[in-house]
Amino acid sequence: MRAEEILHPRPEGLYCPLGDFFIDPIRPVERALITHAHADHARAGHGKVLASRQTLEIMAIRYGEDFARETQAAEGEIALGDVSASFHPAGHILGSCQIRLLPKSGPRIVVSGDYSRRPNPVCAPFTPLECEVFITEATFGLPVFRHPDPAFEIAKLLRSMEEFPDRHHLIGGYALGKTQRLIALLRAAGYDAPIGLHGALIRLCQYHISQGIDLGHLVRVDDPSGPRLVIAPPSAFSTPWVQRFKDPVIGYASGWMGIRARARQRRVELPLVISDHVDWPELTGTLQEIAPQEVWVTHGTEDGVLRWCALNQLPAKPLRLVGYEDEPE
């Protein structure tokens, strides 16, 4: 059986006819397998959802307990029609997984979802899986993307706080994954003072703490009387909330901060290049390590990855899936 008969794109998302399910569908479907809980991959309204326990719990926090008619936590090999599925750590955010499909006949396919190869204190590391077809993202799929060591970026933040002790440092970080990783990196760097949080970040931070992740002393910040270091969702910087702080240093943690034009566009004084996705060397290194027979590229800068595969005589094709940029990096 050909790989395209086991898994292929449809308007709803990647579809497996052997098991009659979709992976990370962008529209409501009867049965969905979800790689992780970011909003562009995990949507409410499906009939049945299969995902890691932590992904299901985070979806319930974000969408309500009734986000699907039925849920099942993924454990071990799960038979779904004529294919079995298993979930393995992706290193992206808490609960994120790759999904490996094992058909009764045909190639093994790994859908990596979003993934990272950098050590991340708030989630399990990426697990390389043997497969014939590897489906990769290409968020940073160009040679120009070479992310620095996150510890270097955290040191840059701490130096700025020393240089401007009278100015609040407001750092933009997405609610799920980025915020918790920033906090954990700060703690690892020895910063043990209270860290302020915008109210929108509280609940997911509390969930991470409940999963045994030590984030230290966190304080909800509604006015400038709180901690000098505050993390907020980037959207908060375009609301009246930010006007409560006089002359703050605005920072933003994202892999895209490596592009100066993007930092200027967002009026970011302190860009922090901290990514939860693979950069170019990590993406191509992962393909070399796994050594699949074929690569499929889901979203991002596909052409760069396809060109690299062609130069390395590795068959590859774009899936050209849309709808996976709703929650930027």
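I will try to describe carefully the structure that is included in this document. Note that the structure is a prediction, hence the values are computed from the model and not measured.

Across its full length, the protein chain holds eight helices and 19 strands. Taking 2.2 N^0.38 as the reference for a compact globule, 329 residues should give roughly 20 Å; the C-alpha atoms of the protein chain span a radius of gyration of 20 Å, in line with that estimate. The dimensions of the protein chain, computed from C-alpha atoms along their principal axes, are 65 × 45 × 30 Å. When the 329 residues of the protein chain are sorted by exposure, 58% land in the buried category. Taking the intrachain contacts of the protein chain between residues at least 6 apart in sequence as the baseline, contacts between residues at least 24 apart amount to 59%. Working note: accessible area of the protein chain is about 14000 Å², and carbon and sulfur atoms make up 50% of it.

Bringing the pairing of strand β11 (residues 133–138) into the picture now. Here β11 lies mainly inside the structure; six of its six residues are buried. Side chains of β11 alternate between two faces, with Val133, Ile135 and Glu137 and Phe134, Thr136 and Ala138 buried alike. Two strands pair when backbone bridges link them, and strand β10 (residues 109–111) and β11 are joined in this way by three bridges, in the parallel orientation. Following the sheet pairing, Val110 is matched in β11 by Phe134. In this sheet, strand β18 (residues 294–300) lies alongside β11 in parallel orientation, the contact comprising five bridges. In the sheet register, Ala138 faces β18, and the bridge partner there is Gly300.

Here seven strands make up an open sheet; going across it, the order is β7-β8-β9-β10-β11-β18-β19 and the pairing mixed. A single partner strand is all that each edge strand has here, and the edge strands are β7 (78–80) and β19 (316–318). The sheet shows a mean angle of 25 degrees between the axes of neighbouring strands, taken without regard to direction. Most of the contacts of helix α7 (residues 280–290) go to β11, to which it runs at about 175 degrees, and overall it touches β11 and β18. Its contacts with the sheet put helix α8 (residues 302–311) on β11, β18 and β19, and the angle it makes with β18 is roughly 165 degrees.

Relative to the assigned elements, Gly172 resides in strand β12 (residues 169–172). With 16 residues separating them along the chain, Gly172 and Ala188 place their C-alpha atoms 19 Å apart. Excluding its chain neighbours within four sequence positions, the residues that come into contact with Gly172 are Ala232, Pro234, Phe237, Gly251, Tyr252 and Ala253.

Bringing helix α4 (residues 178–188) into the picture now. When you tally the buried positions in α4, you get ten out of eleven residues, the bulk of the element. Where α4 is concerned, the buried positions are Lys178, Thr179, Gln180, Arg181, Leu182, Ile183, Ala184, Leu185, Leu186 and Arg187. Count one or two residues on from α4 and you reach Gly190, which has phi positive near 95 degrees.

As for its position among the elements, Pro119 is in the loop between β10 and β11. Measuring from C-alpha to C-alpha, the distance between Pro119 and Asp276 comes to 9.8 Å, with 157 residues separating the pair along the chain.

As a further point, take the pattern of salt bridges. All told, the structure shown has 17 salt bridges when counted by the stated rule. Via salt bridges that share partners, Arg2, Glu4 and Lys317 belong to a single interconnected network.

Okay, the side chain of His299 next. Structurally, His299 can be placed in strand β18. Polar contacts involving the side chain of His299 include one to the side chain of Thr298, which spans 2.8 Å.

The next point concerns the sheet that holds strand β15 (residues 229–232). If you walk across this open sheet you meet the six strands as β14-β13-β15-β12-β16-β17, and the pairing is parallel. Edge positions in the sheet fall to β14 (218–220) and β17 (270–272), since each of these pairs with one other strand and no more. Averaged over all adjacent pairs, the angle separating strand axes in this sheet is 25 degrees, with direction ignored. Sheet analysis places strand β13 (residues 195–197) next to β15, joined by two bridges and oriented parallel. The residue of β15 that forms the bridge with Leu197 is Ile231. Strands in contact with α4 are β12, β13, β14, β15 and β16 (249–253); relative to β13, the strand with the most contacts, it is inclined by about 170 degrees.

Phi at Arg267 is positive, roughly 55 degrees, even though this residue is not glycine. One can find Arg267 in the loop between α6 (260–265) and β17. The exposure class of Arg267 is exposed, given its relative accessible area of 74%.

Calculation criteria
Residues numbered from 1 in each chain as written. Predicted model: local features only at pLDDT ≥ 70, side-chain atom pairs only at ≥ 80, totals over all residues. Heavy atoms only, no water. Helix = DSSP H or I, 4+ residues; strand = E, 2+ residues; numbered from the N terminus. Rg over C-alpha atoms; globule rule 2.2 N^0.38 Å. Buried < 20%, exposed > 50% of the residue type's maximum accessible area, 1.4 Å probe, protein only. Contact = heavy atoms within 4.5 Å. Areas by Shrake-Rupley, 256 points an atom, 1.4 Å probe, with all protein chains shown as cover. Pairing = 2+ DSSP bridges. Axes fitted to C-alpha atoms, helices over the stretch in contact; angles between N-to-C directions. Salt bridge = Lys/Arg side-chain N within 4 Å of Asp/Glu carboxyl O. Polar contact = N/O pair within 3.5 Å; in protein donor to acceptor, adjacent residues only side chain to side chain.

Treat this as a map of the structure, not an account of what it does.
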